[in-house]
Amino acid sequence: MKITETIHTFKHHFRLAFGENHYTDRFVYSYIFLGEKVCLIDTGVWGTALQLQGYLNQIGRSPKEISMVLLTHAHPDHIGGCLAIKKASSALFYAHPADKPWIEDVERQYQERPIPNFFELVEGPVVVNRELREGDTVSWNRGKTVRVLETPGHSPGSISFFYEEEGALITGDAVPAVGTLPIYVDPQTSIESIQKLEKITRVKHLLSSWHEPISGNQIHTTLEEGIHYIQEIDEIVIDLSKTMPPETSGEELSLRALERLGIKTNKVLW
Ligand SMILES: [Zn+2]
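Student: What's the story with the sheet that holds strand β11 (residues 205-208) in this structure? I'm lost.
Tutor: Working definition: the strands of a sheet are paired by backbone hydrogen bonds and lie parallel or antiparallel to each other. Reading across the sheet, the six strands line up as β7-β8-β9-β10-β11-β12 and stay open at both edges, with mixed pairing between neighbours. Each having just a single partner strand, β7 (137-141) and β12 (214-215) make up the two edges of the open sheet. In the sheet, β7 pairs with strand β8 (residues 144-150) via four bridges, with the strands oriented antiparallel. Bridge pairing in β8 places Asn141 opposite Lys144.

Here is the structure:
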């Protein structure tokens, strides 16, 4: 889908297994910058990264033209397609040093964050060619740059990108979408990251992995809703951990929290 002359987005649909017997349907957006070369922000999962390559062909470009992949963070739905992109192009991979170990060693990521269908989502590891930190600028095309903003909380090395010429703020998973499965490692840091994003001026497009592309007044509303959602979840988790027996598993606690949020999970069908 075209957003501006130089920005397209691609929606990846996939299933995330949850606990041993549940899954939830999810989607994630990648963003594609088109210039003399092609820059990709996040790759989706293994299978859908191949569909993304098909999309490039449809719009008259080739996966071979992908010269760089900027990764907002290390989770499977963002890095799962990296190896497929690497095979199809000579792209270099960019990410924050705090998430780099999980991108370069996916076995380690699986051990430390064991999503049951991890290896359906992630084909394999790639080397991070350049580390990105707060304030770095990446020249993705002649005369066109994006600025890096550290927005941790969802993961330690979560970063956002501001493409000033287009007023496009790409936030990865830093801003939760109300009503969807919430994920973060540090609620307070997540809130502070969203507050940092609110301070950026001249934003015309909020391009998140979890929301449909957002523009105009809705940008501020979405950021505020994200902050309130994290606060609401945090209160539910604190309340549940006080009222449920101490031997309750993390999985059980998470399922109860999702029930209170009104989020449905489904019994595994495959
Ligand atoms: Zn994530």
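There is more to say, and it comes next.
Student: What is the right way to look at helix α7 (residues 187-198) in this model?
Tutor: Because each turn of an α-helix spans 3.6 residues, side chains separated by three or four positions in sequence point in the same direction. In this model, α7 (twelve residues) spans 17 Å end to end at C-alpha, consistent with the 16 Å of a helix rising 1.5 Å per residue. Along α7, the residues classified as buried are Pro187, Ser190, Ile191, Ser193, Ile194 and Leu197. Along the long axis of α7, the arc covered by the buried residues comes to 160 degrees, so they all point the same way. Here the buried face of α7 lies against β9 (159-163), β10 (168-172) and α8 (218-243). The N-cap residue of α7 is Asp186: its side-chain oxygen and the backbone nitrogen of Gln188 are 3.2 Å apart.

Student: Please explain the coordination of the zinc ion as it appears in this structure.
Tutor: Tetrahedral metal sites with four donors have an ideal angle of 109.5 degrees; octahedral sites with six donors have ideal angles of 90 or 180 degrees. Surrounding the zinc ion are the protein donor atoms His73 (NE2), His75 (ND1), His154 (NE2) and Asp173 (OD), at 2.0 to 2.3 Å. The coordination sphere of the zinc ion comprises four donor atoms, whose angles at the metal cover 87 to 175 degrees; the geometry is irregular. Read in sequence order, the donor residues coordinating the zinc ion give the pattern H-x1-H-x78-H-x18-D. As far as burial versus exposure is concerned, His73 and His75 are alike and both buried.

Student: Can you walk me through the packing of aromatic side chains in this structure?
Tutor: Ring pairs (aromatic) are described by centroid distance and by the angle formed between their planes. Enumeration over the complete set of coordinates arrives at nine aromatic pairs. Ring centres of Phe10 and Tyr55 lie 5.8 Å apart, and the angle between their planes is 50 degrees; on these two criteria the pair is classed as tilted. Pair noted here: Phe10 is in strand β1 (residues 7-18) and Tyr55 is in helix α1 (residues 46-58), with a separation of 45 residues, a long-range link. This pair shows no difference in class: Phe10 is buried, exactly as Tyr55 is. Here the guanidinium or amino end of Lys11 rests over the ring plane of Phe27, the centre of that ring lying 4.3 Å away.

Student: Would you explain empty space enclosed by the protein in this entry?
Tutor: Here the idea is plain: a probe the size of a water molecule rolls over the atoms and shows the empty space left. Overall, the coordinates contain two cavities of 30 Å³ or more when judged by the stated rule. Reported here for the largest cavity is a volume of approximately 80 Å³. Taken together, 13 residues form the lining of the largest cavity, with Leu16, His75, Asp77, Arg113 and Ile183 sitting closest to its centre. For the lining of the largest cavity, the secondary structure elements donating two or more residues are β1 and α2 (76-79). Each residue belonging to the lining of the largest cavity can be placed in one class, and the counts come to seven nonpolar, two polar and four charged. Space inside the second largest cavity adds up to approximately 40 Å³. Surrounding the second largest cavity, His154, Asp173, Ala174, Pro176, Ile183, Tyr184, Ser190, Trp210 and Ile230 form its lining. Class assignment for the residues of the lining of the second largest cavity results in six nonpolar, two polar and one charged.

Rules used throughout
- Residues numbered from 1 in each chain as written.
- Predicted model: local features only at pLDDT ≥ 70, side-chain atom pairs only at ≥ 80, totals over all residues.
- Heavy atoms only, no water.
- Pairing = 2+ DSSP bridges.
- Helix = DSSP H or I, 4+ residues; strand = E, 2+ residues; numbered from the N terminus.
- Expected span 1.5 Å × (residues − 1).
- Buried < 20%, exposed > 50% of the residue type's maximum accessible area, 1.4 Å probe, protein only.
- Arc of directions from axis to C-beta.
- Contact = heavy atoms within 4.5 Å.
- Polar contact = N/O pair within 3.5 Å; in protein donor to acceptor, adjacent residues only side chain to side chain.
- Donors = N, O, S within 2.8 Å, 3.2 Å for Na, K, Ca; no water.
- Tetrahedral: all angles 85-135°; square planar, octahedral: opposite > 155°, others 65-115°.
- Phe/Tyr/Trp six-rings, centres within 6.5 Å; stacked < 30°, edge-to-face > 60°.
- Lys NZ or Arg CZ within 6 Å of the ring centre and 35° of its normal.
- 1 Å grid on protein atoms, 1.4 Å probe; cavity = no way out; pocket = protein on both sides within 12 Å on 5 of 7 lines; lining within 4 Å.
- Points joined across faces, edges and corners; volume = space filled by probe spheres on them.
- Nonpolar A, V, L, I, M, F, W, Y, C, P; charged D, E, K, R; others polar.

Coordinates in, geometry out; function isn't part of it.
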